[in-house]
Amino acid sequence: MNLSDLLNETTVCCPLVSNTRNGAIQELLNHVQNLGYISATIKLYSYIEELENNHSTAAGKGVAYPHSTSIEVKKLTCVLGISKVGLDFNSPDSQLSHIILLSLSSKDEPDKHRKFITLFRSMIVNSNIRTLMLEADNSTKISNIISNWEDQYLLMDDLE
């Protein structure tokens, strides 16, 4: 599985309009709905909000990973949002989250998002990638950053 299989121009929201955690989650869910992957967002939003209230999905360094399972989703579905202002996801390092990766998993494969997030983390741990994403002003640029990183990552993998 490649990041670009799920994160491309249509599944990247840059910049996010919302200026709150809950607003951003709703905005990302609305985007998934507009893409036709889900028919409604109310139950998913409530579930994700409850998870966030009980245990933050912020990983630190400006990144958060809200997630859920859904009976409507047949395969892992992800949408990436970039917030220029930063959002309070109650991060362990107290930093605002600028990069928000929402993942929705099917009920049959609830853990598949972990593999995807592990791969995403291997990219986003690079501070240069985070900076490039924050400086990008549209989804095409973000998609290109992901594809370019993947090309280099796969090349390094081939060399080992």
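Residues numbered from 1 in each chain as written. Predicted model: local features only at pLDDT ≥ 70, side-chain atom pairs only at ≥ 80, totals over all residues. Heavy atoms only, no water.

Caption draft 1: Layout of the nonpolar core. By size, the foremost hydrophobic cluster in this structure holds 26 residues, and its most contacted members are Leu-80, Leu-101, Phe-120, Met-133 and Ile-142. Of all elements in the fold, only α1 (3-6), β5 (77-87), β6 (97-106), α4 (112-124), α5 (127-135) and α6 (139-159) reach the threshold of two or more residues within this core. When residues in this core are grouped by element, the largest group, six residues, is from α4. If we ignore the near neighbours within four places in the chain, the residues touching Leu-80 are Leu-7, Thr-11, Val-12, Cys-13, Leu-28, Ile-99, Ile-100, Leu-101, Phe-120, Met-133, Ile-142 and Ile-146. Counting 20 residues, the second largest nonpolar core, distinct from the first, contains Leu-16, Ile-38, Ile-48 and Leu-87. (Core = buried A, V, L, I, M, F, W, Y, C linked by side-chain atoms within 4.5 Å. Buried < 20%, exposed > 50% of the residue type's maximum accessible area, 1.4 Å probe, protein only. Helix = DSSP H or I, 4+ residues; strand = E, 2+ residues; numbered from the N terminus. Contact = heavy atoms within 4.5 Å.)

Caption draft 2: Main features of the environment of Val-32. Mapped onto the elements, Val-32 comes out in helix α2 (residues 21-34). Taking the C-alpha atoms as reference, Val-32 lies 13 Å from Lys-74; in sequence the two are 42 residues apart. Discounting residues that sit within four places of it in the chain, Val-32 has contacts with Tyr-37, Ile-38, Thr-77, Val-79, Leu-102 and Leu-104.

Caption draft 3: Looking closely at unusual backbone geometry. In the segment running from Cys-14 into Pro-15, the intervening peptide bond is cis, with an omega of -5°. Looking at the secondary structure, you find Pro-15 in the loop between β1 (12-13) and α2. Non-glycine residue Lys-61 carries a positive phi angle of around 55°. Here Lys-61 shows up in the loop between β2 (58-60) and β3 (63-64). If you check the backbone angles, Asn-90 has positive phi at about 55° while not being a glycine. Structurally, Asn-90 can be placed in the loop between β5 and β6.

Caption draft 4: Representation of the packing of aromatic side chains. Under the defined criterion, the tally for this structure stands at one aromatic pair. Taking 6.1 Å as the distance between ring centres and 90° as the angle between the ring planes, the aromatic pair formed by Tyr-65 and Phe-120 counts as edge-to-face. With a gap of 55 residues between them, Tyr-65 in the loop between β3 and β4 (67-70) and Phe-120 in helix α4 connect regions that are remote in the sequence. For the residue pair Tyr-65 and Phe-120, the accessibility class agrees, reading buried in each case. (Phe/Tyr/Trp six-rings, centres within 6.5 Å; stacked < 30°, edge-to-face > 60°.)

Limitation: the analysis is restricted to geometry and does not speak to function.
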